[in-house]
Amino acid sequence: MTEVQPTPLNQYVGFDSITRQIETKLLKRGFQFNVMVVGQTGLGKSTLINTLFASHLIDSKGRVDAFEQPRSTTEIHPVSHLIIENGVKLRLNIVDSPGYGEQINNENCWDPIIKYIKDQHSAYLRKELTAMRERYITDTRIHCCLFFINPTGHTLRPIDVTVMKKLADVVNVVPVIAKSDSLTLEERAQFKARIRDEMEYHDIHAYPFDSDEFEEGERELNERMRDLIPFAVVGSERNVVIDGKTVRGRKNRYGVINVENENHCEFNQLRTFLTRTHLQDLIETTALKHYEAFRSRQLLALKESSAKQQQAQQQQQMQQQANGV
Ligand SMILES: Nc1nc2c(ncn2[C@@H]2O[C@H](COP(=O)(O)OP(=O)(O)OP(=O)(O)O)[C@@H](O)[C@H]2O)c(=O)[nH]1
Ligand SMILES: [Mg+2]
């Protein structure tokens, strides 16, 4: 196709204000962001959720009493929050999930999680296909799945490989090394490299993905992120006082870990990644890659089944005619 040359204007038309018009509209509507945590039992999923948004979601519906004993999560549990920052509204859905891997037979233990993710796609598609479609469909599709890896320092467990692979087919997977306070910095670096190698070996495509539309800066940022991922995180339900400042931390016999100190762990980098640099891309990738794949599969299946139904009806009619009915 030949490229259209711009027609020169002899006066100001004013359509450049469209970006402002879009911004005003978006600000009014707000944004929806849905995060889910998945991983083996006891790796600190619920704790990290509370830590991630603790400073923002004071008195949230999570485990607010610091002295309450942590409970094992028994069901998929979404919690919603509306947060507003400088006039920008963000509806945040945080979905906690029960840990797996404790049973003698762990086969298909990931089914309820995959089903939950697909159910959200399915609900969205149903709303999209209704005759009187809502103007803005409530979006419960999971935009980011934080996958918790056991800090063994060795390799990924086969079950983790299976679950991550299944997840990566339907959602943006961001792996994190759980309870990374149990690893030395050297072990951490080696473990990270090994996980990256293993993921490549098993053909697991974790987020972020590159797109042709990306500019150089975005590609570089993603490259840096891929070198950092899996984020080595530490979570804590408790506040500790360091230099007179109250922070989330873990205290043990040898000292205090400040969850937000970048020399101690990569919790801050994960939070920046989720909220400052990749929020919009996580939402967009979910719609354009994962949901689109689901949608076209469903619509194709629907078309095939209605074609089969039609064929069966025609055959029945022909049979009836042949029988002289
Ligand atoms: N050392 C250490 N312990 C942690 C960390 N995060 C959580 N814990 C502890 O690990 C235990 C389990 O934490 P949970 O957050 O309940 O773990 P979970 O993954 O939600 O567990 P399930 O719901 O059973 O799957 C608790 O005693 C936490 O205090 C961490 O970063 N480092
Ligand atoms: Mg839990």
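What counts and how
- Residues numbered from 1 in each chain as written.
- Chains lettered and ligands numbered in written order.
- Predicted model: local features only at pLDDT ≥ 70, side-chain atom pairs only at ≥ 80, totals over all residues.
- Heavy atoms only, no water.
- Helix = DSSP H or I, 4+ residues; strand = E, 2+ residues; numbered from the N terminus.
- Buried < 20%, exposed > 50% of the residue type's maximum accessible area, 1.4 Å probe, protein only.
- Near = heavy atom within 4 Å.
- Polar contact = N/O pair within 3.5 Å; in protein donor to acceptor, adjacent residues only side chain to side chain.
- Areas by Shrake-Rupley, 256 points an atom, 1.4 Å probe, with all protein chains shown as cover.
- Nonpolar A, V, L, I, M, F, W, Y, C, P; charged D, E, K, R; others polar.
- Phe/Tyr/Trp six-rings, centres within 6.5 Å; stacked < 30°, edge-to-face > 60°.
- Lys NZ or Arg CZ within 6 Å of the ring centre and 35° of its normal.
- Pairing = 2+ DSSP bridges.
- Axes fitted to C-alpha atoms, helices over the stretch in contact; angles between N-to-C directions.
- Core = buried A, V, L, I, M, F, W, Y, C linked by side-chain atoms within 4.5 Å.
- Contact = heavy atoms within 4.5 Å.
- Donors = N, O, S within 2.8 Å, 3.2 Å for Na, K, Ca; no water.
- Right-handed = clockwise from strand over helix to strand, strands pointing away.
- Patch = residues over 30% accessible without salt bridge, like charges linked within 9 Å, V, L, I, M, F, W, Y side chains within 5 Å.
- Salt bridge = Lys/Arg side-chain N within 4 Å of Asp/Glu carboxyl O.
- Lys, Arg positive; Asp, Glu negative; His and termini not counted.
- Charge placed at Lys NZ, Arg CZ, Asp CG, Glu CD.
- 1 Å grid on protein atoms, 1.4 Å probe; cavity = no way out; pocket = protein on both sides within 12 Å on 5 of 7 lines; lining within 4 Å.
- Points joined across faces, edges and corners; volume = space filled by probe spheres on them.
- Parallel < 35°, antiparallel > 145°, perpendicular 65-115°, else oblique.
- Left-handed = near helix turned anticlockwise from the far one by under 90°.

- Labelled according to an unreviewed UniProt entry, the protein chain appears under the name Cell division/GTP binding protein, originating from Pseudomicrostroma glucosiphilum.

Remarks on the overall build of the protein chain
Next up, step 1: In terms of helices and strands, the protein chain carries eight helices and nine strands.
Next up, step 2: Projected onto its principal axes, the C-alpha coordinates of the protein chain cover approximately 90 × 70 × 40 Å.
Next up, step 3: Each of the 325 residues in the protein chain was classed as buried or not, and the buried ones make up 40%.

Quick word on the site of ligand 1
Next up, step 1: Around ligand 1, the structure places 18 residues, and the nearest of them are Thr-41, Lys-45, Thr-47, Ser-72 and Thr-73.
Next up, step 2: Measuring from an oxygen atom of ligand 1, one finds a backbone N or O atom of Thr-73 at 2.7 Å.
Next up, step 3: One of the backbone nitrogen or oxygen atoms of Gly-99 is found 3.0 Å away from an oxygen atom of ligand 1.
Next up, step 4: When the free accessible area of ligand 1 is taken as 660 Å², the share hidden by the protein chains comes to 83%.
Next up, step 5: Along the lines of polarity and charge, the residues of the shell around ligand 1 split into three nonpolar, nine polar and six charged.

A word on the packing of aromatic side chains
Next up, step 1: Counting across every chain of the model gives four aromatic pairs.
Next up, step 2: With a centroid separation of 6.0 Å and 65° between ring planes, the pair formed by Tyr-207 and Phe-273 is classed as edge-to-face. Of the two residues, Tyr-207 is situated in the loop between helix 5 (185–201) and helix 6 (216–228) and Phe-273 in helix 7 (residues 267–277); the sequence distance between them amounts to 66 residues. For the pair shown, Tyr-207 and Phe-273 are each scored as buried.
Next up, step 3: Counting every residue linked through ring pairs, the aromatic cluster contains Tyr-207, Phe-209, Phe-231 and Phe-273.
Next up, step 4: When the ring centre of Tyr-124 is taken as reference, the NZ or CZ atom of Arg-141 above it lies at 3.6 Å.

Brief notes about the sheet that holds strand 7 (residues 239–242)
Next up, step 1: The strand order across the open sheet built from three strands is 7-8-9, with neighbouring strands paired in antiparallel fashion. Of all the strands in the sheet, just strand 7 and strand 9 (255–258) have a single pairing partner and so form its edges. If you compare each strand with its neighbour and ignore which way they point, the axes differ by 65° on average.

Observations regarding the sheet that holds strand 4 (residues 144–149)
For sheets, the rule is that strands pair by backbone hydrogen bonds, running either parallel or antiparallel.
Next up, step 1: Spatially, six strands are ordered 2-3-1-4-5-6 in an open sheet, and the strand pairing comes out mixed. Pairing within the sheet leaves two strands with one partner each, and these edge strands are strand 2 (77–85) and strand 6 (231–232).
Next up, step 2: As paired strands, strand 4 and strand 5 (residues 173–177) are joined by five bridges and run parallel to one another. Residue Phe-147 lies in a different strand from strand 5, and its bridge partner there is Pro-175.

Some words on the nonpolar core
Next up, step 1: Core analysis: the biggest nonpolar cluster contains 35 residues, and Phe-33, Leu-146, Phe-231 and Leu-270 have the highest contact counts within it.
Next up, step 2: When residues of this core are traced back to their parent elements, those giving at least two are strand 1 (31–39), helix 2 (45–52), strand 3 (88–96), strand 4, strand 5, helix 6, helix 7 and helix 8 (279–322).
Next up, step 3: With four residues, the top contributor of residues to this core is helix 7.
Next up, step 4: If near-sequence neighbours (up to four positions away) are discounted, Phe-231 is found in contact with Val-174, Pro-175, Val-176, Ile-177, Met-225, Glu-266, Gln-269, Leu-270 and Phe-273.
Next up, step 5: Residues Leu-167, Ala-168, Ile-195 and Ile-204 belong to the second largest nonpolar core, which totals 31 residues.

Here we look at the coordination of the magnesium ion (ligand 2)
Next up, step 1: Protein-derived coordination of the magnesium ion (ligand 2) comes from Ser-46 (OG) and Thr-73 (OG1), at a distance range of 1.9 to 2.1 Å. Of this pair, Ser-46 sits in helix 2 while Thr-73 is found in the loop between helix 2 and strand 2, placing the two residues 27 residues apart along the sequence. The exposure classification of Ser-46 matches that of Thr-73, with both residues buried.

Here we look at the pairing of strand 4
Next up, step 1: Most of strand 4 is tucked away, with six of its six residues classed as buried.
Next up, step 2: Burial of the side chains of strand 4 extends over both faces: Cys-144, Leu-146 and Phe-148 are buried on one face and Cys-145, Phe-147 and Ile-149 on the other.
Next up, step 3: Relative to strand 4, strand 1 is paired through five bridges, and the arrangement is parallel. Across the sheet, Met-36 pairs through a bridge with Cys-145, a residue of strand 4.
Next up, step 4: Between the parallel pair strand 4 and strand 5, the chain is carried across by helix 4 (residues 158–170), and the sense of this crossover is right-handed.

Concerning a positive patch on the surface
Next up, step 1: Taken together, the side chains of Lys-25, Lys-28, Arg-29 and Arg-135 make up a positively charged region of the molecular surface.
Next up, step 2: Its location among the elements puts Arg-29 in helix 1 (residues 18–29).
Next up, step 3: Its relative accessible area of 34% is what places Arg-29 among the partly exposed residues.

Focus: empty space enclosed by the protein
Next up, step 1: Inspection of the entire model under this criterion finds one cavity of 30 Å³ or more.
Next up, step 2: When its volume is computed, the largest cavity comes out at roughly 40 Å³.
Next up, step 3: If you trace the largest cavity, you find it lined by Gln-40, Ile-149, Asn-150, Thr-152, Thr-155, Leu-156, Arg-157 and Asp-160.

Digging into the packing of helix 2 against helix 7
Next up, step 1: Contact geometry of helix 2 with helix 7 gives a least axis separation of 11 Å together with a crossing angle of 70°. The orientation of helix 2 relative to helix 7 falls into the category roughly perpendicular. When the axes of helix 2 and helix 7 are compared, the crossing they make is right-handed. Of the residues in helix 7, those in contact with Leu-48, Thr-51 and Leu-52 of helix 2 are Phe-267, Leu-270, Arg-271 and Leu-274.
Next up, step 2: Partitioned by chemical class, the residues of the contact of helix 2 with helix 7 number five nonpolar, one polar and one charged.

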